[in-house]
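The chain contents come next:
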Amino acid sequence: MFTSIASTLSLSLLKACIVILLILVARGLLWLINMMVVAPMFDPLKKIQGPDGSPLQNHFREVMDPSVSPNTHEKWVKSFGKTFRFHGFGRHDFRLLSVDFCVMSHILNSPIYEKPWQTRTLLTNLFGRGVFTMEGADHKALRKLIAPAFSTQSIKAMAPIFFQKAEELRDKLESLASSPTLVEDAKFPPLPAPPYSPSPSFAEAVIDVAHWFSRATFDVIGLAGFDYHFHALQCESEEVYLAYRNMFRIADKGPKLRELVQLYFPMIQKIFPNEATRITDESQRVISKAGQQLIQSKKCAILAEKASPSEIKEKDILSLLIKSNLSADVSGRLSDADILTQLSTLLFAGSDSTSLTMSWCIHLLSLHPDVQGRLRSELNSISPCTSNSSSVSGYSASTYAEAIDGLPFLDAVVRETLRLCPPVHGTMRVATRDDNIPISSPIVLRNGTIIQPGETIHIRKGSYVHIPIEALNFSTDIWGEDARIFNPDRWSSLPHPARAPSHPGIANLMTFSFGPHACPGWKFSMLETKIFLATLIPHFVFEPATDIQNFNAILTRPYVYDQFEFGTRLPVKIGRVNL
């Protein structure tokens, strides 16, 4: 009897499982048919012109690979106009791309458009829920909270830290330049020939500026952000520094297939952790332990020293964030863990993006010795650092920082570097509901209908919009026919489309974006870059050492041609200037 009941139950269970499986398969097929056949038929982006392809062909490489994207963007704009669509994960996945500032202003300022949840999840898994992963009211409240830390006054107060680490780096490079036998690239293959070799050459050694600037900016953000000494310029052995570095290396590799699958099935990460998961977990443990101790110590010191948060005078970002947090409504305050998350996010954004700007600037100056010479002359006209003194003799740091910040040619060189080599190649938004986007440049639809300036194009909920920072920085319609050429002199007389209000970007660039999600630390980055250049250029001459290319991870990084497997590198020749 019991055997018969068990058999009946087993059969019923089997039938139920089969029914459930069939339902799941049917739902999967319906979803697939809807995604690939039905939904595209009613997608308004289908009407817009753009490159065609096979059913499963995507255009990600053409859009996101910096080795081909400049030519692709230029070709597509000439063929389809300033606003067009391309294929995401196949012919069914229509995505919008535009170099029309009217379109970009609408997208970047409207609360309708958010970063895709996939992007936010990937960043949250690494750094926590920071300012770059938040949206809506949470993001607005956090930006208001961190704003005092990036005010002009706060950044000027950090100038002594910039000078201290710039001079420390100068001394390191001095020892490398005076000891050519200290070859940093001994573990790498011979370097390919550079685009040109100056004659006569003044270089005495080859150094990887990307490596050294990365160490220096890490030290800067440690002191300016946490009041914490990583000592990365001296020795790369500090525990918290190594923890951050390990996490950043994982981020640089970008998401692989496993990471993309884990977005939809997060349990995989917990049940079957891989090496990246283990490294991230261990790094976060080290950072959390040190960070909590640092925050508690800083908070206790601040509250013990001052009775009122409004009287706090500490200048590092952590202190300013604690001050702002203590001054906020109790309901709007951040937890200590949330504060640490913001600092981790800002450390990643503030160290590597700035070090890349410095590295690309030295690279461009090495390729343009005439520009390098003009910049050195301008810096020498005010520079108290042309001696071997380790201080800004006769100047206060803030006075000298203001003088550096006001140098027109230095400003032009830095902005031109940021234009040609934006640390972020592009970004993305997704429409959270249907919308009508205004345009300022005509669009010819596939059926020949023309949408005139001042009219709108319709986009449906869930559609992706790519923000092509590089394409906007390279646009000949904005910058002129020499848009891809390094020409700092353009900044003394910008073409009309590159000036405000025609150009809405911060500092007349798309590099820092604009709108509610614009980079909060852009002034910090620009002043830090200028001070480092002002400290190094009067002392050293830089020449090209090899052929440098770039690749796109989270940030756009340099590598040696035909040596991509060795990762981020930017070797240059360096020699001392005869003072």
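Provided above is the structure to which this section pertains.
Report on the accompanying structure. Since the structure is predicted, the reported quantities are computational estimates derived from the model, not experimental observations. (Residues numbered from 1 in each chain as written. Predicted model: local features only at pLDDT ≥ 70, side-chain atom pairs only at ≥ 80, totals over all residues. Heavy atoms only, no water.)

**Examining the overall build of the protein chain**
Argument step 1. On a plain count of helices and strands, the protein chain comes out with 21 helices and 14 strands.
Argument step 2. Counting all 579 residues of the protein chain, 50% fall into the buried class.
Argument step 3. Total accessible area on the protein chain is roughly 26,600 Å²; 59% of this is exposed by carbon and sulfur atoms. (Helix = DSSP H or I, 4+ residues; strand = E, 2+ residues; numbered from the N terminus. Buried < 20%, exposed > 50% of the residue type's maximum accessible area, 1.4 Å probe, protein only. Areas by Shrake-Rupley, 256 points an atom, 1.4 Å probe, with all protein chains shown as cover.)

**Some remarks on the pattern of salt bridges**
Argument step 1. If you walk through the whole model with that rule in mind, you get 25 salt bridges.
Argument step 2. The salt bridge involving Glu 74 is made with Arg 484; its shortest N-O contact spans 2.5 Å. Taken together, the residues span a long stretch of sequence, with Glu 74 in helix H3 (residues 69-80) and Arg 484 in the loop between helix H20 (476-479) and helix H21 (522-536) at a distance of 410 residues.
Argument step 3. Judged by its relative accessible area of 32%, Glu 74 is partly exposed.
Argument step 4. Given a relative accessible area of 37%, Arg 484 falls into the partly exposed group.
Argument step 5. Salt bridges sharing common partners tie together Asp 405, Asp 411, Arg 415 and Lys 530. (Salt bridge = Lys/Arg side-chain N within 4 Å of Asp/Glu carboxyl O.)

**Digging into the pairing of strand S11 (residues 540-544)**
Argument step 1. Taken across its five residues, S11 has five buried, putting it largely inside the fold.
Argument step 2. The alternating pattern of S11 places Phe 540, Phe 542 and Pro 544 on one face and Val 541 and Glu 543 on the opposite face, and all of these are buried.
Argument step 3. Sheet analysis places S11 next to strand S14 (residues 571-576), joined by five bridges and oriented antiparallel. By the bridge assignment, Phe 542 is partnered in S14 with Ile 574. (Pairing = 2+ DSSP bridges.)

**Things to note about the packing of helix H10 (residues 239-253) against helix H15 (residues 336-367)**
Think of two packed helices as two axes; the pair is described by the angle between the axes and how far apart they sit.
Argument step 1. Interaxial distance between H10 and H15 falls to 12 Å at its minimum, and their mutual angle equals 65°. With respect to each other, H10 and H15 are oriented roughly perpendicular. You can see that H10 and H15 cross each other, and the crossing is right-handed. Here Tyr 244, Arg 245, Phe 248, Ala 251 and Asp 252 of H10 come into contact with H15, specifically with Leu 340, Ser 344, Leu 347, Phe 348, Ser 351 and Asp 352. (Axes fitted to C-alpha atoms, helices over the stretch in contact; angles between N-to-C directions. Parallel < 35°, antiparallel > 145°, perpendicular 65-115°, else oblique. Left-handed = near helix turned anticlockwise from the far one by under 90°. Contact = heavy atoms within 4.5 Å.)

**With respect to the sheet that holds strand S5 (residues 427-431)**
Argument step 1. With respect to topology, five strands assemble into an open sheet ordered S1-S2-S10-S5-S3, the strand pairing being mixed. With partners counted over all chains shown, the strands left at the sheet margins are strand S1 (83-87) and strand S3 (113-114), one partner each.
Argument step 2. Relative to strand S10 (residues 464-467), S5 is paired through four bridges, and the arrangement is antiparallel. Its bridge partner being in S10, Val 430 is matched across the sheet by Tyr 464.
Argument step 3. The strands that H3 touches are S1 and strand S2 (94-98); relative to S1, the one it contacts most, it runs at about 120°.
Argument step 4. Here helix H4 (residues 101-109) sits on the sheet in contact with S1, S2, S3, S5 and S10, set at roughly 115° to S10.

**What about the pairing of S10?**
Argument step 1. Residues Tyr 464 and His 466 of S10 are buried on one face, and the alternating residues Val 465 and Ile 467, pointing to the opposite face, are buried as well.
Argument step 2. Note: S2 against S10, three bridges, orientation parallel. Looking at the pairing, Leu 97 lines up with His 466 of S10.

**Description of the sheet that holds S14**
Argument step 1. The strand order across the open sheet built from three strands is S4-S14-S11, with neighbouring strands paired in antiparallel fashion. Where the open sheet ends on each side, the last strands, each with one partner, are strand S4 (205-208) and S11. Looking at each pair of strands side by side, their axes are set apart by 40° on average, direction ignored.
Argument step 2. Strand direction decides the pairing type here: S4 and S14, joined by four bridges, are antiparallel. Residue pairing for S14: Ala 205 is matched across the bridge by Ile 574.
Argument step 3. Lying over the sheet, helix H9 (residues 209-226) contacts S4 and S14, oriented at roughly 55° with respect to S4.

**Observations regarding the side chain of Glu 238**
Argument step 1. Mapped onto the elements, Glu 238 comes out in the loop between H9 and H10.
Argument step 2. Nearest to the buried, unbridged Glu 238 among oppositely charged side chains is Arg 245, at 11 Å.
Argument step 3. Of note is the side chain of Glu 238, whose polar atom sits 2.5 Å from the side chain of Tyr 228.
Argument step 4. Side-chain polar atoms of Glu 238 contact the backbone nitrogen of Tyr 241, separated by 2.7 Å. (Lys, Arg positive; Asp, Glu negative; His and termini not counted. Polar contact = N/O pair within 3.5 Å; in protein donor to acceptor, adjacent residues only side chain to side chain.)

**Comments concerning the environment of Gly 521**
Argument step 1. With respect to the element layout, Gly 521 can be found in the loop between H20 and H21.
Argument step 2. Overall, the relative accessible area of 13% leaves Gly 521 in the buried class.
Argument step 3. Considered as a pair, Gly 521 and Leu 346 are 175 residues apart in the sequence and their alpha carbons are 8.4 Å apart.

**With respect to a nonpolar patch on the surface**
Argument step 1. Together, Leu 21, Val 25, Leu 29, Trp 31, Leu 32, Ile 33, Met 36, Val 37, Met 41, Phe 42 and Leu 56 make up a nonpolar patch on the protein surface, roughly 1,100 Å² of accessible area in all.
Argument step 2. Residue classification places Leu 21 among the exposed residues on the basis of a relative accessible area of 53%. (Patch = residues over 30% accessible without salt bridge, like charges linked within 9 Å, V, L, I, M, F, W, Y side chains within 5 Å.)

**Here's the deal with unusual backbone geometry**
Argument step 1. Here Ala 500 and Pro 501 are connected by a cis peptide whose omega angle stands at 5°.
Argument step 2. As for its placement among the helices and strands, Pro 501 is situated in the loop between H20 and H21.
Argument step 3. Backbone geometry places Asp 227, a non-glycine residue, at a positive phi of 60°.
Argument step 4. Even without a glycine there, the phi angle at Ala 507 is positive, about 60°.
Argument step 5. Locating Ala 507 in the fold gives a position in the loop between H20 and H21.
Argument step 6. Here Ala 507 falls in the buried class, since its relative accessible area comes to 13%.

**What about the nonpolar core?**
Argument step 1. Counting residues in hydrophobic clusters, the biggest one holds 144 residues, and the most contacted among them are Leu 169, Leu 173, Phe 230, Tyr 244, Phe 524 and Ile 531.
Argument step 2. For this core, the element with the highest residue contribution is H15, accounting for 13 residues.
Argument step 3. Dropping the residues within four chain positions of it, Phe 230 is found in contact with Phe 218, Asp 219, Gly 222, Cys 235, Glu 238, Val 240, Tyr 241, Tyr 244 and Leu 347.
Argument step 4. One finds Val 63, Phe 80, Phe 84 and Leu 97 within the second-largest nonpolar core, a separate group that totals six residues. (Core = buried A, V, L, I, M, F, W, Y, C linked by side-chain atoms within 4.5 Å.)

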